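What follows is the residue order along each chain.
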Amino acid sequence: MRSVSAESVAVLVVDCDQSLRESCASLLRSSGFDATVCDRGDDALRMIRNREFDIILVDLHMPRVSGLEVLEAARTANPDTIVIVMTESPTVESSVAALAAGAWDYLPKPFSATHFDVLVGRAAHAVVADRELRGRNRASLVAGPSLTPDIGLFGQSKALQDVIQLATRVAATDASVFITGESGTGKEIIAQYIHRHSRRSSRELVPVNCAAIPEALLESEMFGHVEGAFTGAVRSKRGLLEVADGSTLFLDELTELPLPTQAKLLRVLQDGVVRRVGSTKTDATVDVRFIAATNRDPIQSIEAGELRKGLHYRLRVVPIHIPPLRDRSEDVPILAQEFLKEFWTQHRDPDQPKASFGQDALDALSSAKWPGNVR
């Protein structure tokens, strides 16, 4: 397992198969985890009510009380609990249902000890990192800063501070993030902030504007290609997924991604395997953290057949919605003063008296609708 304080991480394994749950418990205990097992969903519900678990691995299909019921109970009891569902016959529908209900990931049966080790190690790292982050920032999170110049967002509204606090908490984990909001609200700024405060910050964030790359080139840009894959492919080339190995990939305007490319991307999210265009083999296995964003309603995009439901739920482990500026008018005076200060510094002699807005001007700005938002 990865280097974490395993002894402080409590794990519950729920499965009807005695051999499997005992094997899982043995692997966990050998790595120092505090492991508990049970064979029925109703027993798991009682345990969850009486004790707090950091990670729960639960079989999706159990008699009487299903894995989804255990998942929902665990998330209700403690929203920070990481739940991994296990299933012998995974389907798109069952996987989507589990992820939509709040599962952190799913583990198809049968699985190897290595696969189990890596997945639980990632989950444990997220648990410990989240604890450390909450310990370091408890005071500041309770108070809530009125200005956040270090990330390029200024404001004192509760709506904006809630966004920043959630981004701060999720930054320390490897969880995928799905950011929604109108154009100009600051989705890329939040993505940059999450990356900069993550364990991957030593490497550059890799942004992909899914709407700006021509469809004919997009798959090659994302996955790379081998020599001779198409006219002009005179040499093999790494794609952006390989470039982002060990870092964060920011998929801006995700709903513009073609459906075939979405299906191929879902495979990478599931097992980290990258196959370049024109290749007949696995060319790379990558460790990428995903942040996606869109200015559209993702549910409407799913209903319109423009966004794969499985990809959406795989990416929205932590959803973050940035409200439009018209819904947080108390932030407008702060933004106005900051922009005035910035442009005054750029275009006026430093010896000139600094300008400021009068109250009438601030009132007028605050009452505007700002369809372009902060941009």
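Worth saying up front: this structure is predicted, and the values here are computed from it rather than measured. (Residues numbered from 1 in each chain as written. Predicted model: local features only at pLDDT ≥ 70, side-chain atom pairs only at ≥ 80, totals over all residues. Heavy atoms only, no water.)

Caption draft 1: Focus on the sheet that holds strand S8 (residues 177-180). One open sheet accounts for five strands, arranged S9-S12-S15-S8-S16; its pairing is parallel. This sheet does not close on itself; its edge strands, each paired only once, are strand S9 (206-209) and strand S16 (318-321). Mean inter-strand twist for the sheet, computed between neighbouring axes without regard to direction, equals 15 degrees. Sheet analysis places S8 next to S16, joined by four bridges and oriented parallel. Along S16, the bridge assignment pairs Ile179 with Ile320. (Pairing = 2+ DSSP bridges. Helix = DSSP H or I, 4+ residues; strand = E, 2+ residues; numbered from the N terminus. Axes fitted to C-alpha atoms, helices over the stretch in contact; angles between N-to-C directions.)

Caption draft 2: Just the sheet that holds strand S5 (residues 105-108), in detail. Within the open sheet, the five strands sit side by side as S2-S1-S3-S4-S5. Their pairing is parallel. Because the sheet does not close on itself, it has two edges, and the strands there are strand S2 (34-38) and S5. Going from strand to strand, the sheet's axes swing by 20 degrees on average, the running direction of each strand aside. Here strand S4 (residues 82-87) runs beside S5; their pairing, made up of four bridges, is parallel. Paired with Met86 across the strands is Leu107, a residue of S5. Contacting strand S3 (55-59) and S4, helix H3 (residues 67-77) runs over the sheet at an angle of about 160 degrees to S3. (Contact = heavy atoms within 4.5 Å.)

Caption draft 3: Seen up close, the side chain of Thr87. One can find Thr87 in strand S4. Classification of Thr87 as buried rests on a relative accessible area of 2%. With near-sequence residues (within four places) excluded, Thr87 lies in contact with Asp59, Leu60, His61, Leu107, Pro108 and Lys109. (Buried < 20%, exposed > 50% of the residue type's maximum accessible area, 1.4 Å probe, protein only.)

Caption draft 4: Up close: the side chain of His195. If you trace the backbone, His195 turns up in helix H7 (residues 187-196). Apart from residues no more than four positions distant in its own chain, His195 is found in contact with Arg200, Ser201, Arg203, Glu204, Leu205, Ser247 and Thr248.

Caption draft 5: Structural context of the packing of helix H6 (residues 158-171) against H7. Close contact between H6 and H7 brings their axes to 8 Å; oriented N to C, the two are set at 35 degrees. Here the hand of the crossing between H6 and H7 comes out right-handed. In contact with Val163, Ile164, Ala167, Thr168, Val170 and Ala171 of H6, H7 contributes Ile190, Tyr193 and Ile194. Looking at side-chain class alone, the contact of H6 with H7 contains eight nonpolar, one polar and no charged residues. (Left-handed = near helix turned anticlockwise from the far one by under 90°. Nonpolar A, V, L, I, M, F, W, Y, C, P; charged D, E, K, R; others polar.)

Caption draft 6: Looking closely at the pattern of salt bridges. Scanning all chains against the criterion turns up 21 salt bridges. Arg46 serves as the salt-bridge partner of Asp43, at 2.1 Å between the closest nitrogen and oxygen. Of this pair, Asp43 and Arg46 both sit in helix H2 (residues 41-50), separated by three residues, roughly a single helical turn. A relative accessible area of 39% means that Arg46 is categorised as partly exposed. In this structure, the salt-bridge partner of Lys158 is Asp162, at a minimum N-O distance of 2.8 Å. With Lys158 and Asp162 both in helix H6 and four residues apart, the pair spans about one turn of that helix. We classify Lys158 as exposed; its relative accessible area is 61%. Where salt bridges share partners, they join Arg40, Asp42, Asp43 and Arg46 into one cluster. (Salt bridge = Lys/Arg side-chain N within 4 Å of Asp/Glu carboxyl O.)

Caption draft 7: Here's a closer look at the pairing of strand S15 (residues 289-294). In terms of burial, S15 is largely enclosed, as six of its six residues are buried. A two-sided burial pattern is seen for S15, the buried positions comprising Arg289, Ile291 and Ala293 on one face and Phe290, Ala292 and Thr294 on the other. Here five bridges tie strand S12 (residues 248-252) to S15, and the two strands are oriented parallel to one another. Note on S15: the bridge partner recorded for Leu249 is Phe290.

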